[in-house]
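As a plain string of letters, each chain reads:
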Amino acid sequence: MKAMANPTDLVDSFGRKHNYLRLSITDSCNFRCLYCMPDEPFKSTPSIELMSNQEIYEISKIFVQKFNINKIRITGGEPLVRNGFESIIRQISTLGAHIGITTNGVLLHKYFDLFEECGVKNLNISIDSLDREKFKYITKRDLFQTVWENSKESIKRGFNVKLNVVIMRGFNENEIPEFIALSHHYPIELRFIEFMPFTGNSWEKNKVIPISEMLTLVSEHLPYEKVEDHKNDTSRKYRINAESKGLFGFISTMSNSFCAGCNRIRITSDGKMKNCLFGADEFDLIKSIRNNEDLNEIIQFAIAQKHKEKGGQFSKMENIKKSEIVNRNMIKIGG
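Residues numbered from 1 in each chain as written. Predicted model: local features only at pLDDT ≥ 70, side-chain atom pairs only at ≥ 80, totals over all residues. Heavy atoms only, no water.

Peer 1: Looking at this structure, how should I read helix H5 (residues 144–156)?
Peer 2: Because each turn of an α-helix spans 3.6 residues, side chains separated by three or four positions end up pointing in the same direction. Taking 1.5 Å of rise per residue, 13 residues should cover 18 Å, and H5 covers 18 Å from first to last C-alpha, within 8% of that figure. Within H5, burial applies to Phe 144, Val 147, Trp 148, Asn 150, Ser 151, Ser 154 and Ile 155. Relative to the axis of H5, the buried residues are bounded by an arc of 165 degrees and lie together on one face. On the buried face of H5, the contacting elements are helix H3 (112–118), strand E6 (122–126), helix H4 (132–139), strand E7 (160–167) and helix H6 (176–185). After H5 finishes, the residue Gly 158 shows a positive phi value of roughly 90 degrees. (Helix = DSSP H or I, 4+ residues; strand = E, 2+ residues; numbered from the N terminus. Expected span 1.5 Å × (residues − 1). Buried < 20%, exposed > 50% of the residue type's maximum accessible area, 1.4 Å probe, protein only. Arc of directions from axis to C-beta. Contact = heavy atoms within 4.5 Å.)

Peer 1: Which parts of the structure should I look at to understand unusual backbone geometry?
Peer 2: Both trends apply: most residues other than glycine have a negative phi, and most peptide bonds are in trans. A cis amide bond links Gly 76 with the next residue in sequence, Gly 77, at an omega value of 20 degrees. Note on placement: Gly 77 falls in the loop between strand E4 (71–75) and helix H2 (85–92). In this structure, Asn 68 is a non-glycine residue whose phi angle is positive, near 60 degrees. Looking at the element boundaries, Asn 68 is found in the loop between helix H1 (53–67) and E4. Look at Lys 140: it is not a glycine, yet its phi comes out positive at around 65 degrees. Judged by relative accessible area, which is 47%, Lys 140 ranks as partly exposed.

Have a look at this one:
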């Protein structure tokens, strides 16, 4: 690859500056969540088609040093099941970007010391129910207690913890007040995520509970007040009151999108750049890097193709025809 010149910002045709890389390192997972994975038998990508540890580092280095990326979130699949995970974290930590991990939390206890050593401070933990049987139903694994204990240990150790909850009508909306109570007692951000459509998942419009309805449900049980949001926030944030140790918020991708402030780029575990979670367009970085080609041009071309909202595939939720959306399974994209 050619030597890198002075850093340049990645700005799309709508003037959005991108400084946040969401980097998937595997499409393997030790859970089988119904909103993420297809119902049919699922096969992970063969290792030869995945980015190697060194390729993950080289691609990350280009984004940080050439394009001013200052935040990297490691995702999957479940990133902690990736062979060589420790090596990947150690290498990326040398780049100087803020590092976060999105995880289902099952294996966190194995890596707390590594994260502290490498300066990883931000942990997003998925936990879609506080009820053991519901948790087992959605994940197909009876591991609620492990996830909950690791979540509490993350908080105790001083990590910046966000708990992610995908809300689905008829399944877990009745748990919203109980979840919000956690944000009063613990220094966390509790985030409710609207159910999103991906190839092979069980999405239906009537399972989506929009932010307005969730707030109405909250008001029936708890007081709350608005907290200031920032330009690139994906979550609309609130708290119960000034005495709360933490916050709660809503990621309203479906009913009230935040595309205007998007600063995120995605790399799939097989080395494809996606400039939107819902976008059909993919740009093959792994092919270029294996051919010893300069990635600068393809990255800049890719960001210039970014659509105004939701990958150009839909705007309002009412107009979605899931069968017409061209995309991967969620687990193949990266959380």
